[in-house]
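Structure at a glance
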Protein chains: 2
Amino acid sequence: MRAGPSQEEIRRHNLGVLLRSVHVHGATSRAELTASLGLNRSTIGALTAELAAAGLVTEEIPRDRGRAGRPSLVVRPVSQMVYVLAFAIEADRVTAARVGLGGLVLDRVEAPRRPGPGPLDEVVAPLAAFARQMCHAAPEGSRHIGTGAAITPIVRDRDGQVRPRAYGSWADDPLSTALAEAVGQATRSDSPITRLGTADLAALAEHTRGVALGCANVVYLHGDAGIGGSIVAAGRPLTGHGGNGGEVGHMVVNPAGKPCGCGSRGCWETEVGEQALLVAAGRQIGTGAPGVSAVLDAAGRGDAEAQAAVRQVGDWLGFGVANLVNIFNPEMVVFGGTLREIYLASAAQVRSRLNRTGLPAYREHVRLRTSALGNDAPLLGAAEAAFEQLLADPLADVAGTPLTGRATGPAQPAESGLS
Amino acid sequence: MRAGPSQEEIRRHNLGVLLRSVHVHGATSRAELTASLGLNRSTIGALTAELAAAGLVTEEIPRDRGRAGRPSLVVRPVSQMVYVLAFAIEADRVTAARVGLGGLVLDRVEAPRRPGPGPLDEVVAPLAAFARQMCHAAPEGSRHIGTGAAITPIVRDRDGQVRPRAYGSWADDPLSTALAEAVGQATRSDSPITRLGTADLAALAEHTRGVALGCANVVYLHGDAGIGGSIVAAGRPLTGHGGNGGEVGHMVVNPAGKPCGCGSRGCWETEVGEQALLVAAGRQIGTGAPGVSAVLDAAGRGDAEAQAAVRQVGDWLGFGVANLVNIFNPEMVVFGGTLREIYLASAAQVRSRLNRTGLPAYREHVRLRTSALGNDAPLLGAAEAAFEQLLADPLADVAGTPLTGRATGPAQPAESGLS
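Residues numbered from 1 in each chain as written. Chains lettered and ligands numbered in written order. Predicted model: local features only at pLDDT ≥ 70, side-chain atom pairs only at ≥ 80, totals over all residues.

1. Topic: the overall build of chain A
Looking only at helices and strands, one finds 13 helices and 13 strands in chain A. In chain A, of all internal contacts separated by at least 6 residues, the share reaching a separation of at least 24 is 67%. (Helix = DSSP H or I, 4+ residues; strand = E, 2+ residues; numbered from the N terminus. Contact = placed C-beta atoms within 7 Å.)

Dropping the structure here:
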């Protein structure tokens, strides 16, 4: 029950809404912004002028107008000069990117990584090197405004404790601390790293620019070493009390099932995870995504044991999806990570089980889809998370670099001959 | 990505925030409102004056001030003159109440009902009679501003179709239509009925005035003929795409379990519902809440068969709770309806199963609680839902009765010698 905002809060909110719009949708004319944001022309002009003075957008006359009348200036995000660093630490690789405002990937590099836990430096050193290279290659005068990292949760320590996946920076987490220090040296700033789980960031990317764009209620499922999940409810991520909502891999689907690493038994990830597929197909475990692909390829070539394994995993996949559809009533379920391939190979089983276990009013309207952004979804989500602070309040002092559009004096409503 | 609100929208929003505050918290001094709402004194004074002019609040000098200095006027909701009608249609009874602004129950009446489906008129006729009586007994000049109804979903028709539980009125639903017509005759208005499921409204009541007050992430579970659920995530009800989120009774917990009325097998309600308890205890089914109480009483007296039944149901109850804790990471799970008693009798089993199946970081911080509002929680929730339109925009034209505080001329900031 919060009272309404002040005029200054509204101005800052509107600056954020405008910048977010061109960040997500790309170059947009003032006329289109006026229509889509529900603000009047002079307000759009004033806000755009402030963002332009801060170096966040440019305004230009459209080259090919194709019709008569005064042209509406096109507002474009300054992708080359305003960027974030994004990292993804996954089971078998580390990835880094420099991503410009507007979501443009300016630079991207990856290195393989030995699966499983290892010394911190095996992850931090290559990412720090990537950060140095990328910042060095960035144009003179360009601004680093944030860093995001997607980290596949080493789901639990030996004591069964789940590591929290809180929003924001993890001050006392060794990996975050080491990574922040290395990035700080590379970028010569001390901005914190926004660190979230792989599934949460992949879901954010798919919801912002991927297959779930415009969907308010989404269940996103991510397969890697385990099964991660992230829920979007009424347009917002479901975080839960401790920032840990959506741990659907540890929904028990089979009380008579196999022991799970979490100490429970029959968790969903024991039935549909990478290891379950490899065991069912009589393959060696621990081979990661290539091992999963090998089973799916074998099934495609007619290998009976692999086909049976895919059917079995697909049936449990549909079973868990049906439960989540009954619980969340989503409009879309998205399969990402290794679940993308697994779903494509077992869609018939998934749909068949959903039809038997899902409530009719729910299952009939839900769309089952695969990730549109593929393996880079977590990396792109890390970039989106890193942009969040700037988009929420564009002229605030971000990452130690004051954006001084406002400080140069009151913005002029830039209404000349052009609107 | 909506642009910021206009001044007029902010004023209306603030009127709603102030009215909601005294509706929930009762009489509050202007000084306390200034502090809790973060608005300045003169704004609080102006808003209060508008609400007072509309007959929604009164302002008075506190009787016993107990300290020196100028008294701060106390703002009080006008409970006797501004009211809603609330109905609850449950498995074995119908209940009606007239509830004043501020949540004061002014009148309440109930009648038993034969369990199971029956002619529409068996439900509508007594409720219409109650509505007539209560409106007749209301003081001259008092205003009926809305109607809410809690309806235990006859979960599915013979074809397995769940009836939708959309927010707002159900234009094409026979029960809603008949009830709205009867209430319209009684109240001489044609306001729609806000109809929601029993679990959703009980959760709303517990979240507004009950055990979950102040909790942002809640799983509410309601036992009656089946198992209903309602989720509060980040302070808001989880509605899902079609308004049906939270149907946790049809999460499958036992793939080898009993067939469920929904067409699936092993749904949670087949293991923890009323019928499961009665069957496990060797009792006759279909005896409703009294039948459940009889089993729990017998277990309390040492009846071995009843004790075993309670343990068995408690184990499955804990199992489903653990799954929901892993999925939602709530700060509280609330047991209402018949689950209130069942949980109290089986808390040891529930906690034990939660400890085995819940993830440590989640289960350690979750509080398990019983409903504070008891059997009237759905009725009180129906009243809250009926107040919602008024609280969202207090001076809008509600239920055909214009509230004319604004229309009498611009409100004067009522700052005299008193603040």
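2. Concerning the relation of the copies chain A and chain B
Each copy of the sequence occupies a distinct position, and chain A is placed on chain B by a rotation of 180° and an axial shift of 0.1 Å, giving an RMSD of 0.1 Å. Look at the turn and shift together and you get a two-fold axis relating the two. Nearest to the rotation axis, the C-alpha of Val-253 of chain A is located 3.1 Å from it, this being the minimum over chain A. (Least-squares fit on C-alpha atoms with pLDDT ≥ 70 in both.)

3. Re the interface of chain A and chain B
Taken together, the contact between chain A and chain B spans 54 residues of the former and 54 residues of the latter. It is helix H1 (residues 7–25) of chain A that contributes the most residues to the side of chain A that touches chain B, 6 residues altogether. Here the residues of the side of chain A that touches chain B sort into 25 nonpolar, 23 polar and 6 charged. (Nonpolar A, V, L, I, M, F, W, Y, C, P; charged D, E, K, R; others polar.)

4. Thoughts on the packing of helix H9 (residues 288–300) of chain B against helix H10 (residues 304–328) of chain B
Residue and element names in this part refer to chain B. Axis separation between H9 and H10 bottoms out at 7 Å; the angle between their running directions is 115°. As summarised for this structure, H9 and H10 are arranged roughly perpendicular, according to the angle between their axes. Every pair of crossing elements has a handedness; the one defined by H9 and H10 is left-handed. The segment H9 lies against H10, with Val-295, Leu-296, Ala-298 and Ala-299 engaging Ala-306, Gln-307, Ala-309 and Val-310. (Axes fitted to C-alpha atoms, helices over the stretch in contact; angles between N-to-C directions. Parallel < 35°, antiparallel > 145°, perpendicular 65-115°, else oblique. Left-handed = near helix turned anticlockwise from the far one by under 90°.)

5. Regarding the sheet that holds strand S2 (residues 57–60) of chain B
Residues and elements named next belong to chain B. The sheet built from 3 strands is open, its strands ordered S1-S3-S2 with antiparallel pairing. Each of the sheet's edge strands pairs with one partner strand only, and the pair in question is strand S1 (28–29) and S2. In this fold helix H1 (residues 7–25) packs onto S1, S2 and strand S3 (74–77), with an angle of close to 75° to the strand it touches most, S3. Helix-sheet contacts for helix H3 (residues 41–53) involve S2 and S3, and the interaxial angle to S2 is about 120°. (Pairing = 2+ DSSP bridges.)

6. Brief notes about unusual backbone geometry
Most of the time, phi is negative for any residue but glycine, and the peptide bond is trans. Residue and element names in this part refer to chain A. Not every positive phi belongs to a glycine, and Ala-234 is a case in point at roughly 50°. Among the secondary structure elements, Ala-234 is positioned in the loop between strand S10 (227–233) and strand S11 (236–237). Assessed through the 16 C-beta atoms surrounding it within 10 Å, Ala-234 is described here as partly exposed. (Buried ≥ 20, exposed ≤ 12 C-beta atoms within 10 Å, placed from the backbone.)

7. Looking at the domain arrangement of chain A
Along its sequence, chain A is carved into domain 1 (7–78 + 402–408), domain 2 (82–199 + 376–392) and domain 3 (214–372). In this structure, domain 2 of chain A and domain 3 of chain A have C-alpha centres spaced 26 Å apart. (Domains from an automatic or database assignment.)

8. Some details on the packing of helix H2 (residues 30–37) of chain A against helix H3 (residues 41–53) of chain A
Residue and element names in this part refer to chain A. Taken N-terminus to C-terminus, the directions of H2 and H3 make an angle of 115°; their axes are 9 Å apart at the nearest point. Taken together, H2 and H3 sit at an angle that is classed as roughly perpendicular. For the pair H2 and H3, the sense of crossing is right-handed. Of H3, the residues touching H2 (which contributes Arg-30, Leu-33 and Thr-34) are Arg-41, Ile-44, Gly-45 and Thr-48.

9. Looking at H1 of chain B
Residues and elements named next belong to chain B. With 19 residues, H1 should cover 27 Å at 1.5 Å per step; its first-to-last C-alpha distance of 27 Å lies within 8% of that length. All of the buried residues along H1 are Asn-14, Leu-15, Gly-16, Val-17, Leu-18, Leu-19, Arg-20, Ser-21, Val-22 and His-23. Buried positions along H1 lie against S1, helix H2 (30–37), H3, S2, S3 and helix H13 (377–392). (Expected span 1.5 Å × (residues − 1).)

10. Quick look at the sheet that holds strand S13 (residues 367–370) of chain A
Residues and elements named next belong to chain A. In space, the 5 strands of this open sheet follow the order S11-S10-S9-S12-S13, with mixed pairing throughout. The two strands at the open ends of the sheet, each matched to only one other strand, are S11 and S13. Here strand S9 (residues 218–223) runs beside S10; their pairing, made up of 6 bridges, is antiparallel. The residue bridging Leu-221 from the neighbouring strand is Gly-229, located in S10.

11. A word on the environment of Arg-209 of chain B
All names here are of chain B. Structurally, Arg-209 can be placed in helix H6 (residues 198–209). Residue classification places Arg-209 among the partly exposed positions, given that 19 C-beta atoms sit within 10 Å. In the structure, Arg-209 is positioned 171 residues away from Leu-380 in sequence and 9.2 Å away in space, judged by C-alpha atoms. Once residues lying within four places of it in the same chain are set aside, the contact partners of Arg-209 are Val-24 and Gly-103.

12. Some thoughts on the environment of Lys-258 of chain B
All names here are of chain B. Relative to the elements of secondary structure, Lys-258 occurs in the loop between strand S11 (236–237) and helix H7 (268–272). On the neighbour-count criterion, Lys-258 (13 C-beta atoms within 10 Å) is partly exposed. Remark: the alpha-carbon pair of Lys-258 and Glu-271, spanning 13 residues in sequence, is separated by 8.1 Å. Once you skip the residues sitting within four places of it in the chain, Lys-258 turns out to touch Arg-265, Gly-266 and Thr-270.

13. Observations regarding the confidence of the model for chain A
All names here are of chain A. When pLDDT is averaged along chain A, the result is 85, and 87% of the positions lie at 70 or above. Counting interchain partners and residues more than four positions distant, the pLDDT-below-50 stretch residues 155–171 has 40 contacts. This stretch, residues 398–419, has a pLDDT under 50; its non-local contacts, to residues over four places away or in other chains, come to 51 contacts. For this predicted complex, the interface confidence reaches an ipTM of 0.85, while the overall pTM sits at 0.87. (pLDDT = per-residue confidence, 0-100.)

14. Observations regarding the environment of Gly-26 of chain A
Residues and elements named next belong to chain A. Of note, Gly-26 is situated in the loop between H1 and strand S1 (28–29). Assessed through the 15 C-beta atoms surrounding it within 10 Å, Gly-26 is described here as partly exposed. Sequence separation between Gly-26 and Ser-79 is 53 residues, and the spatial gap between their C-alpha atoms is 10.0 Å.

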